[in-house]
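One letter stands for each residue in the lines below.
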Amino acid sequence: MNSSFPKDFLWGGATADFQYEGGFNEGGRGINSQDFVTSGSVKQKRQITLQLQDGSRGTVNSLESFPDGAEAKLYDDVYYPSHKAVDFYHHYQEDIALMAEMGFNIFRFSICWSRIFPTGVEEKPNEEGLQFYDAVIDECRKYNIEPLITICHDEMPDYLARNYDGWNSRVLIDAYVKYATTLFERYRGKCKYWLTFNELNAIHGYAKLGIHKETPQTFYQCQHHMFVASSKVIKIGHEMMPGAMFGAMFAMSEMYPATCKAEDVFACYEHRRMNYFFIDVMARGKYPNYAQKIFDEKNVHLHMEDEDLELIKEYPLDFVSFSYYRSSTITADHFTTMDPMGIMGGEGNPYLPSTPWGWPIDPLGLRYCLNELYDRYQKPLFVIENGLGEIDRFEDGTVHDSYRIEYLSKHFQAMKDAINIDHVPCFGYTMWGPLDLVSLSTGEMKKRYGFVYVDMDDEGNGTLKRVKKDSFAWMKKVIASNGEDLTY
Ligand code: BGP
């Protein structure tokens, strides 16, 4: 039996602009829907700062609907992590050199839509924005690192959210198609892999969807528009760039029934299916049979145009990529009390250790996901986010992150088993946050993922100096052996 990774396996890291890039008011970048999100913690949810109808100040958490008449507003006395993030904007050469030193042959990053079209409705793109990504892509190419671009990672130009209610409007489809086509024109020949969207199954609210009020109706209507937009862009992308490969990213959390009670098992099955809904549409090219059940229960009536279903059918994803951090357990009771969209979540698992953020650590769950996803879609797979968010202690001029090495080693072994023992075609792995960056869920810096420590705290103070952790050398060894040597 073969015990290694395929010869051309892609090894690298993944980031998102509003967590990594910064340069908020530089290079002609427009305001982005994520720019209004404050920092937070496990106990204190991140907030969106608002101006209320009467002119006073207010906030909602990033999943809540806005009060009538409220609009997002920036305040000078609030710290917004996306504005500086960890300043890839000014550190991209240093950062990409570090990735190259580890042996990365792929780097996934997202392009900030409002850096290319500051409001989303301009006729012409912002040349300075395009030049920034020219420089990033060329820097990757210099080291033979394949750039993998997320076209839209949970954000949009704020103008589109404010004036059109984000993805709730079909206007966004055309705006997105124009934006993506601009990227293809500029970067074709330099980029083979593209993701149309990030985690469609886990995006809610103003910052990610651009909507002011979230109901099941607006949520699924947004999703429908994104399915259509994704297919349109895949059609154009294939025409313009023969050989290009398109994916979209899904948040996978392998779900287990909490007990063998038939009710828990069935609740778990239904819950998993609701999570699969999004990949089912985009990878199989049609709404699944059970979609109508969801819509009936939630009183959802989708507005579609004639060609929508045909487009979705004709232009599905070329590969399936997903994030995997943890597994979850589901009980019938918990299922009934889930948030109205029923996405993700779940209880802890008494058989598994957890991270300080309560995420169960479950390498076998990754093997399970890989098997299940291939069985279901029969498309090549890419583990596009994975990693351990931990509290690192900076001592002796570095971080001794043996816990991260152990986590990664076990997950790589699980991936290897899925490939070699189960014969699942998986062609790449990008670890989340190869350099420490801002946490999406809490806005903290102290939830660190990186092989490289970035000197910045939860309030945005620090020198931004980059320092290699112990895991840096370990990852270099893993990649040099193409995953043969996972010892730690
Ligand atoms: C995924 C997102 C990323 C990322 C990651 C880790 O859902 O695509 O943007 O942040 O989760 O989550 P967190 O930062 O909350 O630890």
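Procedures and definitions
Within every chain, residues take consecutive numbers counted from 1 along the sequence as written. Only residues with pLDDT of 70 or above have their local features reported here, since the model is predicted, and side-chain atom pairs are shown and tallied only from 80 upward, although totals for entire chains, interfaces and linings are computed over all residues. Note that the side-chain values use all heavy atoms of the structure and ignore hydrogens as well as water. Only runs of H or I of at least four residues qualify as helices and only runs of E of at least two qualify as strands under DSSP, and these elements are numbered from the N terminus. Only C-alpha atoms enter the radius of gyration, while the globule expectation follows 2.2 Å times N to the 0.38, with N the number of residues. Only heavy atoms enter the contact rule, under which two residues are in contact if any of them lie within 4.5 Å. Throughout, the Shrake-Rupley method with a 1.4 Å probe supplies accessible areas, and for residues the shown protein chains are the sole cover considered. The convention is simple: Lys and Arg are positive, Asp and Glu are negative, and His and the chain ends are not counted. Working definition for charges: the position is that of NZ of Lys, CZ of Arg, CG of Asp or CD of Glu. Relative accessibility decides the category of a residue: with a 1.4 Å probe and only protein chains considered, values under 20% of the type maximum give buried, values over 50% give exposed, and everything between is partly exposed. At least two DSSP bridges between two strands are required for those strands to pair. Being near a molecule or strand, for a residue, means having at least one of its heavy atoms within 4 Å of it. Whenever a nitrogen or oxygen atom comes within 3.5 Å of another N or O atom, the pair is scored as a polar contact, on the condition that within protein one atom can donate a hydrogen and the other can accept it, and that pairs from neighbouring residues in sequence are kept only if both atoms are in side chains. Note on residue categories: nonpolar means Ala, Val, Leu, Ile, Met, Phe, Trp, Tyr, Cys or Pro, charged means Asp, Glu, Lys or Arg, and polar means any other residue, Gly included. Fitting a line to C-alpha atoms yields each axis, with helices limited to the stretch in contact; the angle taken between N-to-C directions then spans 0 to 180 degrees. When an angle is under 35 degrees it counts as roughly parallel; over 145 it counts as roughly antiparallel; between 65 and 115 it counts as roughly perpendicular; any other value is oblique. The sense of a crossing depends on the near helix, which, turned anticlockwise from the far helix by less than a right angle, makes the crossing left-handed and, turned clockwise, makes it right-handed. The pLDDT value expresses, per residue, how confident the predictor is, ranging between 0 and 100. We define a salt bridge as a contact between a side-chain nitrogen of Lys or Arg and a carboxyl oxygen of Asp or Glu at a distance within 4 Å. Two aromatic rings, drawn from Phe, Tyr or Trp (for Trp, its six-membered ring), form a pair once their centres lie within 6.5 Å of each other, and the interplanar angle then sorts them: stacked below 30 degrees, edge-to-face above 60, tilted otherwise. By definition here, charges over rings are those cases where NZ of Lys or CZ of Arg is within 6 Å of the ring centre and within 35 degrees of the ring normal. Residues form patches when they are more than 30% accessible in relative terms and have no salt bridge. Like charges link within 9 Å. Nonpolar side chains (Val, Leu, Ile, Met, Phe, Trp, Tyr) link within 5 Å. The arc in question is the one spanned by the directions pointing from the helix axis to the C-beta atoms.

K.L.:
Could you give me a rundown of the overall build of the protein chain, with the residues and numbers involved?
P.N.:
Helix and strand content of the protein chain: 16 helices and 16 strands. A globule of 488 residues ought to have a C-alpha radius of gyration of about 23 Å, and the protein chain, at 21 Å, matches this closely. On the principal axes, the C-alpha backbone points of the protein chain span a range of 60 × 55 × 50 Å. Within the protein chain, counting contacts between residues at least 6 apart in sequence, those at least 24 apart form 75% of the total. Of the roughly 18300 Å² of accessible surface on the protein chain, a fraction of 52% belongs to carbon and sulfur atoms. Of the side-chain charges in the protein chain, 49 are positive and 70 negative, and the distance between the mean point of each set is 2 Å.

K.L.:
Can you explain the pairing of strand 9 (residues 249–257)? Please cite residues and give values.
P.N.:
By the criterion of burial, strand 9 is predominantly enclosed, with 8 of the 9 residues buried. Judged from the 8 bridges that link them, strand 9 and strand 10 (residues 320–330) form a sheet pairing that is parallel. Counterpart to Met-249 in the pairing with strand 10 is Ser-321.

K.L.:
Can you break down the site of the ligand residue by residue, with the values?
P.N.:
In the region of the ligand, 14 residues are neighbours, and Gln-19, Glu-199, Leu-440, Ser-441 and Tyr-449 sit closest. Between an oxygen atom of the ligand and a side-chain N or O atom of Gln-19, the distance comes to 2.7 Å. Contacts to the ligand include Glu-199, whose side-chain N or O atom sits 2.5 Å from an oxygen atom. Its residues placed into classes, the shell around the ligand shows 6 nonpolar, 5 polar and 3 charged.

K.L.:
Which residues make up the packing of helix 9 (residues 216–240) against helix 10 (residues 262–284), and what are the values?
P.N.:
Relative orientation of the contacting elements helix 9 and helix 10 amounts to 30°, with a least axis distance of 10 Å. In terms of axis orientation, helix 9 runs roughly parallel to helix 10. Remark: the crossing between helix 9 and helix 10 carries right-handed chirality. Residue-level inspection shows Phe-219, Tyr-220, Gln-223, Phe-227 and Ser-230 of helix 9 in contact with helix 10, the latter providing Met-274, Phe-277, Phe-278, Val-281 and Met-282. A class-by-class count of the residues in the contact of helix 9 with helix 10 yields 8 nonpolar, 2 polar and no charged.

K.L.:
I'd love a proper account of the confidence of the model for the protein chain, names of residues and values included.
P.N.:
Mean pLDDT for the protein chain: 94, with 97% of residues reaching 70 or above. Here residues 336–344 is a poorly scored stretch, pLDDT under 50, and it has 25 contacts once near neighbours within four places are set aside; other chains count.

K.L.:
Before we move on, could you go through unusual backbone geometry and cite the residues and values that matter?
P.N.:
Phi at Asp-154 is positive, roughly 60°, even though this residue is not glycine. Secondary-structure assignment places Asp-154 in the loop between strand 6 (146–150) and helix 6 (158–164). At Glu-199, a residue that is not glycine, the phi angle is positive and equals roughly 40°. Secondary-structure assignment places Glu-199 in the loop between strand 7 (193–195) and helix 8 (205–209).

K.L.:
Could you give an account of the environment of Met-304, with specific residues and numbers?
P.N.:
By secondary structure assignment, the location of Met-304 is in the loop between helix 11 (291–298) and helix 12 (308–314). For Met-304 and Pro-316, which are 12 residues apart along the polypeptide, the C-alpha to C-alpha distance reads 18 Å. If sequence neighbours within four positions are ignored, Met-304 has contacts with Arg-170, His-224, Tyr-287 and Leu-309.

K.L.:
So what about the sheet that holds strand 4 (residues 71–72)? Which residues, and what values?
P.N.:
What the 3 strands build is an open sheet, ordered 3-2-4; its pairing is antiparallel. Both outer strands of the open sheet, strand 3 (57–61) and strand 4, are each paired with one neighbouring strand and no more. Inspection of the sheet shows strand 2 (residues 47–51) paired to strand 4 by 2 bridges, in the antiparallel sense. Pairing of Gln-51 across the sheet is with Glu-71, part of strand 4.

K.L.:
Lay out the pattern of salt bridges with the relevant residues and their values.
P.N.:
Under the criterion given, the structure shown has 37 salt bridges. Of the charged contacts in the structure, one is a salt bridge between Asp-392 and Arg-404, with a shortest N-O distance of 3.2 Å. On the criterion of sequence distance, the pair formed by Asp-392 in the loop between strand 11 (381–385) and strand 12 (394–395) and Arg-404 in helix 15 (residues 402–420) is long-range, its members being 12 residues apart. Across the pair, exposure class does not vary: Asp-392 and Arg-404 are buried alike.

K.L.:
Mind laying out the packing of aromatic side chains, listing which residues take part and the relevant values?
P.N.:
Enumeration according to the criterion identifies 49 aromatic pairs in this entry. Their ring planes at 50° and their centres at 4.8 Å tell us that Phe-5 and Phe-9 sit as a pair that is tilted. In terms of burial, Phe-5 and Phe-9 fall into one category: buried. Ring plane angle 85° and centroid distance 5.0 Å describe the contact between Phe-219 and Tyr-220, whose orientation is recorded as edge-to-face. Clustering of aromatic rings is evident, with ring pairs tying together Tyr-20, Phe-88, Tyr-89, Tyr-92, Phe-107, Phe-109, Phe-132 and Tyr-133. Stacked on the ring of Phe-132, the Lys or Arg Arg-115 has its end atom at 5.5 Å from the ring centre.

K.L.:
Break down a nonpolar patch on the surface for me, citing the residues and quoting the values.
P.N.:
Together, Val-121, Tyr-159, Tyr-164 and Val-171 make up a nonpolar patch on the protein surface, roughly 290 Å² of accessible area in all. If you trace the backbone, Val-171 turns up in helix 7 (residues 171–187). For Val-171, a relative accessible area of 33% puts it in the partly exposed group.

K.L.:
Break down helix 16 (residues 470–480) for me, citing the residues and quoting the values.
P.N.:
Among the residues of helix 16, Ser-471, Phe-472, Trp-474, Met-475, Val-478 and Ile-479 are the ones counted as buried. For helix 16, the buried positions fall inside an angular range of 165° around the axis, keeping them on one side. Away from its buried face by more than 90 degrees, helix 16 exposes Ala-473 and Ala-480. Of the residues flanking the end of helix 16, it is Asn-482, one or two places downstream, whose phi is positive at about 50°.

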